[in-house]
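What follows is each chain in one-letter form.
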Amino acid sequence: QEEKIFAGKVLRLHVCTMEGAEWLEEVPEDTTVEKLKERCLKHCLPGSLEDPKTVTHHKLIHATSEKVLTDTKTVLEENIQDRDVLLLVRKRAPTLLPKMSDVVAEEKRKQEQKAPDKDAILKATANLPARSVDRSVTHHNMRDFQTELRKILVSLIEVAQKLLALNPDAVELFKKANAMLDEDEEDRVDEIALRQLTEMGFPESRAVKALRLNHMSVTQAMEWLIEHADDPSVDAPLPGSAPAEAPAEGAASSAEAAAGPSSEEGGEEAKDELTEIFKKIRRKREFRPDPRAVIALMEMGFDEKEVVDALRVNNNQQNAACEWLLGDRKPSPEDLDKGIDTNSPLFQAILENPVVQLGLTNPKTLLAFEDMLENPLNSTQWMNDPETGPVMLQISRIFQTLNRT
């Protein structure tokens with residue numbers, strides 16, 4: 001009777017296993033977790049207690065708090081309440097330590113796969129003859145593709161002009177294209193910026209020059225004018241700029257070309273008109289050096305003509321132009337205007353390609369070729385164009401294929 005009077009409170013616990021078994025266990029609150037675990041194992045795994053390690057290989061987890069219960073503590077000490085849910089889980093097997101033989105084999109394999117160090121490389125190559133690499137030749141080989149591509153474009157332009165001369169609608173198409181080329185942003189000067197500088201008292205010619213040198217920035221142009229106020233060459237025209245007579249000549253030739261064919265020789269006049277349009281487009285596509293780069297290179301002591309040639313060969317890149325001037329100056333500016341050998345297998349393969357043949361009859365392709373000649377950086381734009389992109393892709397593939405053979 002005394003045991004019944006002083007016995008602890010009996011708790012009804014809901015026990016679950018990972019396999020889906022569920023049952024109720026009634027235990028006094030002074031029962032240890034280890035005893036509770038033995039009772040659970042007897043219920044779900046009969047006969048398992050014959051192995052003394054079975055109890056230590058399992059654990060009880062409180063479902064609400066996700067706490068792993070300690071075997072030596074009682075149910076009361078673990079603060080387990082009536083109708084709480086417990087989870088009986090088998091512990092994970094401990095990771096076995098690798099054998100010493102396996103560790104040695106792994107280290108040996110890593111050493112075999114390890115890259116050789118500098119001393120090993122020098123030892124292995126000690127008996128090889130020394131060779132000096134000509135970096136100028138390497139740099140020149142990197143430029144071969146751009147050089148050959150320019151020659152290909154020069155020759156394809158001649159073929160395209162002959163084909164388009166046979167198209168009766170080509171004249172009208174190129175008149176529209178020519179009108180688009182008249183909108184040349186580089187020749188325009190921001191009138192508001194120019195007015196601000198002239199109102200400050202600067203001469204208009206100097207203000208125009210300063211704005212063009214400083215990309216139409218009023219602040220930078222004003223600083224340039226103040227800095228070069230006492231410079232005797234401040235009123236000199238920008239280096240590399242086209243003479244004033246060229247646009248007038250182009251306009252005159254354009255006016256003559258726009259006169260239209262005569263009644264007697266309509267076909268010949270149309271071809272002449274198209275030829276004049278081609279010439280005018282070529283004049284508008286003439287290379288324009290970066291004025292800042294020209295001045296910077298001329299201050300190093302180079303002649304203006306040499307500087308313009310260097311910038312033309314190196315696509316207005318000042319550093320590359322400086323290296324060209326100090327190096328062997330290849331390719332030369334004359335090489336830029338030479339076409340590819342029309343009897344070469346490369347050019348014949350390009351002309352025999354159906355995509356290229358169809359593209360050469362499109363006036364837009366000719367304009368793209370002209371633009372890429374003097375503005376190589378625009379090649380990406382024409383490569384992404386739906387009309388000219390396939391033509392450029394075929395030319396590139398044919399070049400790469402024949403260059404590997």
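- Per an unreviewed UniProt entry, the protein chain goes by Ubiquitin-associated domain-containing protein 1 and derives from Cardinalis cardinalis.
- Of the comments in the UniProt record for the protein chain, the one headed Subcellular location (unreviewed entry) reads "Cytoplasm".
- Under the heading Pathway (unreviewed entry), UniProt records this for the protein chain: "Protein modification; protein ubiquitination."

## Some points on the overall build of the protein chain
Thinking step 1. Broken down by element type, the protein chain carries 22 helices and five strands.
Thinking step 2. Each of the 405 residues in the protein chain was classed as buried or not, and the buried ones make up 32%.
Thinking step 3. Within the protein chain, contacts between residues at least 6 apart in sequence are counted, and of these 58% link residues at least 24 apart.

## Quick look at the pattern of salt bridges
Thinking step 1. Taken as a whole and assessed by the stated rule, the structure comprises ten salt bridges.
Thinking step 2. The residue R109 makes a salt bridge to E106 at a minimum N-O spacing of 2.5 Å. Remark: E106 and R109 occur in helix α4 (residues 100–113); sequence separation between them is three residues, near one turn of the helix.
Thinking step 3. For K305, the salt bridge goes to D309, with nearest N and O atoms at 3.1 Å. Of the two residues, K305 and D309 both sit in helix α15 (residues 304–313), four residues apart, roughly one turn of that helix.
Thinking step 4. Taken together, the salt bridges that share partners define one network made up of K364, D385 and E387.

## Quick notes on unusual backbone geometry
Thinking step 1. In this structure, N79 is a non-glycine residue whose phi angle is positive, near 60°.
Thinking step 2. Although it is not a glycine, R83 sits at a positive phi angle of roughly 70°.
Thinking step 3. Along the chain, the position of R83 falls in the loop between β4 (67–68) and β5 (85–90).

## Structural notes on helix α11 (residues 218–227)
Thinking step 1. Buried within α11 we find A221, W224 and L225. When α11 is viewed along its axis, its buried side chains cluster within an angular range of 100° and face the same direction. Exposed residues lying more than 90 degrees from the buried face of α11 are E223, I226 and E227.
Thinking step 2. Along its buried surface, α11 packs onto α9 (191–199) and α10 (204–213).

## A short note on a nonpolar patch on the surface
Thinking step 1. Side chains of M100, V103 and V104 sit close together on the surface and give an oily, nonpolar patch of about 290 Å² of accessible area.
Thinking step 2. By the element assignment, V104 lies in helix α4.

## A closer look at the sheet that holds β5
Thinking step 1. Taken in spatial order, the five strands make up an open sheet running β2-β1-β5-β3-β4, and their pairing is mixed. Of all strands in the sheet, those bounded by a partner on one side alone are β2 (22–28) and β4.
Thinking step 2. In the packing of helix α2 (residues 33–44) onto the sheet, the strands contacted are β1 (10–17), β2, β3 (58–62) and β5, and the crossing angle to β2 comes to about 145°.

What counts and how
- Residues numbered from 1 in each chain as written.
- Predicted model: local features only at pLDDT ≥ 70, side-chain atom pairs only at ≥ 80, totals over all residues.
- Heavy atoms only, no water.
- UniProt positions renumbered as here; feature names shortened; annotations may be inferred.
- Helix = DSSP H or I, 4+ residues; strand = E, 2+ residues; numbered from the N terminus.
- Buried < 20%, exposed > 50% of the residue type's maximum accessible area, 1.4 Å probe, protein only.
- Contact = heavy atoms within 4.5 Å.
- Salt bridge = Lys/Arg side-chain N within 4 Å of Asp/Glu carboxyl O.
- Arc of directions from axis to C-beta.
- Patch = residues over 30% accessible without salt bridge, like charges linked within 9 Å, V, L, I, M, F, W, Y side chains within 5 Å.
- Areas by Shrake-Rupley, 256 points an atom, 1.4 Å probe, with all protein chains shown as cover.
- Pairing = 2+ DSSP bridges.
- Axes fitted to C-alpha atoms, helices over the stretch in contact; angles between N-to-C directions.

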